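One letter stands for each residue in the lines below.
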Amino acid sequence: MHDAALTEDLALRAAAGDPAALDRLLSAVRPEVLRRCGRFLPCREDAEEAAQDVLLQVARKITAFEGRSRFSTWLHTVVANCARQKYRELKRRATEQPAAIEPSQHVDPRTTSVIAGSRVDLLEALERLEREHPHLVAPLVYRDICQLDYAEAAERVGVPLGTFKSRLHEARKQVRPWLAAG
């Protein structure tokens, strides 16, 4: 990403309603957004679609950015949510294909969207974790996927550092056997 201070300034100006700042901000963060979406969705086309969704969400919701945390931290949340939503959409589409479609044309996110099995397993593990222990999802996503440092991730989750580390440990403990079984 380019100069972080400039990005923070552009984000604050865009949040205040400056359309030129928003345009510059979206252009500046696009490569980073695409790279981060690629961590969730290794198929380039899917990552690009998710990145477009992220940029659209940023444009629509930038006025909600208050500058209490860094813009990059706020952006991580949008990226994680959009990429996971794209995965769910691809998975749903794969199961909702009309019966008339030939099996050779059937879209399966295991083979098309998420070629690396570990990515499929991780996204499915995140869905299961969200159902069973929703408070453990954010620590795992922010630290292990978005790769935020512990302090920034704890701030983003809104819990003390010790609580964050405890939740992260528990999340890893829950997810580990699911990934090993896959």
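Re the nonpolar core
- In this structure, Leu 25, Val 33, Val 54, Val 58, Ile 62 and Phe 71 are the most contacted members of the largest nonpolar core, which totals 51 residues.
- Put simply, the parts of the chain that give this core at least two residues each are α1 (4-15), α2 (19-40), α3 (44-61), α4 (71-95), α5 (117-132), α6 (137-145), α7 (150-157) and α8 (161-181).
- Once residues lying within four places of it in the same chain are set aside, the contact partners of Val 54 are Val 33, Cys 37, Leu 75, Val 78, Val 79 and Cys 82.

Some details on the packing of aromatic side chains
- Counted according to the given criterion, the structure contains four aromatic pairs.
- Arranged with centres 5.7 Å apart and planes meeting at 55 degrees, the rings of Phe 65 and Trp 74 form a pair that is tilted.
- Since its relative accessible area comes to 5%, Phe 65 is described here as buried.
- Owing to a relative accessible area of 11%, Trp 74 belongs among the buried residues under this scheme.
- Measuring from ring centre to ring centre gives 5.7 Å for Phe 71 and Trp 74, while their planes differ by 35 degrees; the resulting arrangement is tilted.

Details of the environment of Ala 125
- Along the chain, Ala 125 turns up in helix α5.
- Separated by 53 residues in the primary sequence, Ala 125 and Trp 178 have C-alpha atoms spaced 6.4 Å apart.
- Other than its neighbours up to four places away in sequence, Ala 125 contacts Val 175, Trp 178 and Leu 179.

Regarding α3
- Between its first and last C-alpha, α3 extends 25 Å over 18 residues, near the 26 Å set by a 1.5 Å rise per residue.
- Every buried residue belonging to α3 is among Asp 46, Ala 47, Ala 50, Ala 51, Val 54, Leu 55 and Val 58, and all of these are buried.

Let's talk about the side chain of Arg 36
- Mapped onto the secondary structure, Arg 36 falls in helix α2.
- Assessed through its relative accessible area of 15%, Arg 36 is described here as buried.
- Those residues within four positions of Arg 36 in sequence are excluded, and the remaining contacts are His 76, Val 79 and Cys 146.

Conventions and cut-offs
Residues numbered from 1 in each chain as written. Predicted model: local features only at pLDDT ≥ 70, side-chain atom pairs only at ≥ 80, totals over all residues. Heavy atoms only, no water. Core = buried A, V, L, I, M, F, W, Y, C linked by side-chain atoms within 4.5 Å. Buried < 20%, exposed > 50% of the residue type's maximum accessible area, 1.4 Å probe, protein only. Helix = DSSP H or I, 4+ residues; strand = E, 2+ residues; numbered from the N terminus. Contact = heavy atoms within 4.5 Å. Phe/Tyr/Trp six-rings, centres within 6.5 Å; stacked < 30°, edge-to-face > 60°. Expected span 1.5 Å × (residues − 1).

These values are about where atoms sit, not about what they do.
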